[in-house]
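Inside the fold
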Amino acid sequence: MNSLKEMNPLLGKFIADVAQLVKEEKDEQIVTKKVAKRMEQFLDEKAVIPEAFKQPNPDKYTLYPLYIAPDNSFSIASAVWDVGQSTPVHDHGTWGVIGIVQGKEDEVHYEVSTKGEPLKKLMHRELHTGDVAVCCTSDQDVHQVSCASQVPCVGIHVYGGNIGEMKRHVYHPKTSEKRAVVTAWHPVPTSH
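Read on for a plain summary of the structure. Small disclaimer: the values here were computed from a predicted structure and weren't measured. (Residues numbered from 1 in each chain as written. Predicted model: local features only at pLDDT ≥ 70, side-chain atom pairs only at ≥ 80, totals over all residues. Heavy atoms only, no water.)

Focus on the overall build of the protein chain
This is how it is decided: Helix and strand assignments follow DSSP, with helices taken as H or I runs no shorter than four residues and strands as E runs no shorter than two, numbered in order from the N terminus. All radius of gyration figures rest on C-alpha atoms, and the globule criterion is 2.2 Å times the number of residues raised to 0.38.
A tally of regular secondary structure across the protein chain gives 2 helices and 11 strands. Helices and strands appear in the protein chain in the N-to-C order α-α-β-β-β-β-β-β-β-β-β-β-β. A compact globule built from 192 residues would reach a C-alpha radius of gyration of about 16 Å, and the protein chain, at 16 Å, matches this within 12%. Taken along the three principal axes of its C-alpha coordinates, the protein chain extends 50 × 40 × 25 Å.

Focus: the nonpolar core
Condition: The term nonpolar core refers to a set of buried residues drawn from Ala, Val, Leu, Ile, Met, Phe, Trp, Tyr and Cys, joined through side-chain atoms within 4.5 Å. Throughout, exposure labels follow a simple rule: accessible area from a 1.4 Å probe, protein chains only, divided by the maximum for the residue type, with under 20% read as buried, over 50% as exposed, and the rest as partly exposed. By definition, residues are in contact when any of their heavy atoms lie within 4.5 Å.
Formed by 27 residues in total, the largest nonpolar core has its most connected members in F14, M39, I76, I156 and V158. Looking at this core, the elements with two or more residues in it are α1 (9-24), α2 (28-44), β1 (62-68), β2 (75-81) and β9 (153-159). Discounting residues that sit within four places of it in the chain, I156 has contacts with F14, M39, F42, I49, L66, I76, A77, V97, I98, G99 and V101. Membership of the second largest hydrophobic core comes to 19 residues, among which are I68, W81, I98 and C136.

Describing the pairing of strand β4 (residues 96-102)
Note the threshold: Any two strands are treated as partners once DSSP identifies two or more bridges connecting them.
Across the 7 residues that make up β4, a large majority, 5, are buried. In the sheet, β4 pairs with strand β7 (residues 132-136) via 4 bridges, with the strands oriented antiparallel. Considered in β7, the bridge of G96 is made with C136. Summarising the sheet, β4 and β9 pair through 6 bridges and their orientation is antiparallel.

Remarks on the packing of aromatic side chains
Rules: Each Phe, Tyr or Trp ring, with Trp reduced to its six-membered ring, pairs with another whose centre is within 6.5 Å; inter-plane angles below 30 degrees give stacked pairs, above 60 give edge-to-face pairs, and intermediate values give tilted ones. Each ring is checked for a lysine NZ or an arginine CZ that lies within 6 Å of its centre and within 35 degrees of its normal; such an atom marks a charge sitting over the ring.
According to the stated counting rule, one finds 4 aromatic pairs in the structure shown. Lying across the ring of Y61, K60 places its NZ or CZ 5.0 Å from the centre.

Re the sheet that holds β1
Note: strands within a sheet are paired through backbone hydrogen bonds, in either parallel or antiparallel orientation. As a reminder, the rule being used: To get an axis, a line is fitted to the C-alpha atoms, and for a helix only the part in contact is used. The angle between two axes follows their N-to-C directions and goes from 0 to 180 degrees.
Across the sheet, which stays open at both edges, the 5 strands sit in the order β1-β2-β9-β4-β7 with antiparallel pairing between neighbours. Since the sheet does not close on itself, it has two edges, and those belong to β1 and β7, each with one partner. Strand-to-strand, the axes of this sheet are offset by a mean angle of 30°, without reference to chain direction. Sheet strands in contact with α2 are β4, β7 and β9, and its direction is about 15° off that of β4.

Describing α1
To keep it simple, the criterion reads: What a helix should span is 1.5 Å times the count of its residues minus one.
Between its first and last C-alpha atoms α1 spans 23 Å; for 16 residues at 1.5 Å apiece the expected length is 22 Å, and the two agree. Looking only at α1, the buried set comprises L11, G12, F14, I15, D17, V18, L21 and V22. The elements touched by buried residues of α1 are α2, β1, β2 and β9.

Description of the packing of α1 against α2
To keep things clear, this is the line we draw: Note that the term roughly parallel is reserved for angles under 35 degrees, roughly antiparallel for angles over 145, roughly perpendicular for angles of 65 to 115, and oblique for everything else. Left-handed describes a crossing in which the near helix is turned anticlockwise from the far one by less than a right angle; the clockwise case is right-handed. Asp, Glu, Lys and Arg are counted as charged, while Ala, Val, Leu, Ile, Met, Phe, Trp, Tyr, Cys and Pro are counted as nonpolar; the rest, among them Gly, fall into the polar class.
Between α1 and α2, the least distance of the axes is 10 Å, while the angle of their chain directions is 170°. For the element pair α1 / α2, the angle class is roughly antiparallel. Of the two possible hands of crossing, α1 and α2 adopt the one that is right-handed. Here L10, L11, K13, F14, D17, L21 and V22 of α1 lie close against α2, whose contacting residues are V31, K34, V35, R38, M39 and F42. Grouping the amino acids of the contact of α1 with α2 by side-chain chemistry returns 9 nonpolar, no polar and 4 charged.

Right under this line is the structure:
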């Protein structure tokens, strides 16, 4: 779904604006602030993402590719957690900005401890429909996310790279042991 012509015009404009920001700004602290500001505008416009990109997967949380830059400089995902679902504790290896389209997200950030020691909880926050936050930067990149609502939680996530192909890590909460993973893109459900 990389063709802007196939999308809601507001989503196409958001993608074009993010592409311009990523092209112009290389400092991740600045780019995340600018992308977050643009995400707030996008959500204020009541822009929609296609229904197919909001469908939960009964087996696990899901990342649908809304847009992947041709040069892999950024990607935009629709991240969906069904009621009761959560991610493992994980990192990203890049910057990221999230905006909640539907539901409520529970997020816990961690500091990785010495191997063999438990992860240290740094911060806990809940994000509600319409909220925008920087979810990760190079200096703060390990968290766990859960659906905290009685409806599936749907968020738009913008990452500094093709998140569906990047090697990342999951962490064992009690030992800080990490292992490499790739959270592959989930195929978009087709309507019958």
